[in-house]
Amino acid sequence: MPRGRYSLHDPHDHTPLGEEHFHCAPGPSGWRYVAQRITPSGDHAGSVDLAIDELGRPIRLELHASGWQVRAAALDGVTWVRTDATGAHADERNAPAHAITGTSPAFLVATARLLRLVPASPATRVRLVAFTDPVLAPRTLDQSWALLKSEAHATDNGPLTVDEYQVTALDTGEQHTVHLTGDVVLAAPGIELENLETPPSVFG
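None of these values were measured; they are calculated from a predicted model.

A. A look at the pairing of strand E4 (residues 44-53). Counting buried residues in E4 gives 8 out of 10 residues, a clear majority hidden from the surface. The pairing of strand E3 (residues 30-38) with E4 spans 9 bridges and is classified as antiparallel. Residue pairing in the sheet places Trp-31 in a bridge with Ile-52 of E4. Hairpin connection of E3 to E4: 5 residues between the antiparallel strands, including Gly-42 at a positive phi of 95 degrees. As judged from the 7 bridges shared by E4 and strand E5 (residues 58-65), these two strands associate in the antiparallel manner. For Leu-50, the partnering residue across the bridge sits in E5 and is Leu-61. Remark: 4 residues form the turn of the hairpin made by E4 and E5, two consecutive strands paired antiparallel; Gly-56 in that turn has positive phi of roughly 90 degrees.

B. Region of the structure containing the side chain of Asp-142. Tracing the backbone shows Asp-142 in strand E11 (residues 137-153). Overall, the relative accessible area of 18% leaves Asp-142 in the buried class. Side chain to side chain, Asp-142 and Arg-127 meet in a polar contact 2.8 Å long. Ignoring sequence-local partners within four residues, the contact set of Asp-142 consists of Arg-125, Val-126, Arg-127, Thr-168, Ala-169 and Leu-170.

Here is what the cut-offs are and how they apply
- Residues numbered from 1 in each chain as written.
- Predicted model: local features only at pLDDT ≥ 70, side-chain atom pairs only at ≥ 80, totals over all residues.
- Heavy atoms only, no water.
- Buried < 20%, exposed > 50% of the residue type's maximum accessible area, 1.4 Å probe, protein only.
- Helix = DSSP H or I, 4+ residues; strand = E, 2+ residues; numbered from the N terminus.
- Pairing = 2+ DSSP bridges.
- Polar contact = N/O pair within 3.5 Å; in protein donor to acceptor, adjacent residues only side chain to side chain.
- Contact = heavy atoms within 4.5 Å.

Structural data, given as structure tokens:
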């Protein structure tokens, strides 16, 4: 069960946004990721609880941030309920999308698992519902993912395969690179792996 800490920052001006303390693990029905978000000053900023099935589809998501909560799942596309702390402003919505994204590194792992790309294959288009900080506002977006290469790196615990993805935002054409190993993000825009107590899990 990988357990560790990511540092988060604004990908454009590198302003620190805090940390995400996480643990995750594959299971008989898929993969689950649980994390707590911490502000740069050390205050609690929210939480992430994501479960995907063996095909990479989100079967349960619960997000908390800034007094807002989102519960979502892959149901007729993506269906979610977003509400404030009092429950007075609950809003249920649906979008014709494949999966979910946001600032948590968990969503990069989940999208890669959903697409199951092979190196040098054509880029694959995916429609996602993004829940954006600070109030988990929903936005539907389209991305293109391509697996550029997979390389094995020697470590004390044996070879570690690192996958390098190129992700393109189809509305702006902006491209960035994501490095994953198993169910852990090594580096991505706005994300740095600061500490990993146990090796990443390898998906079957």
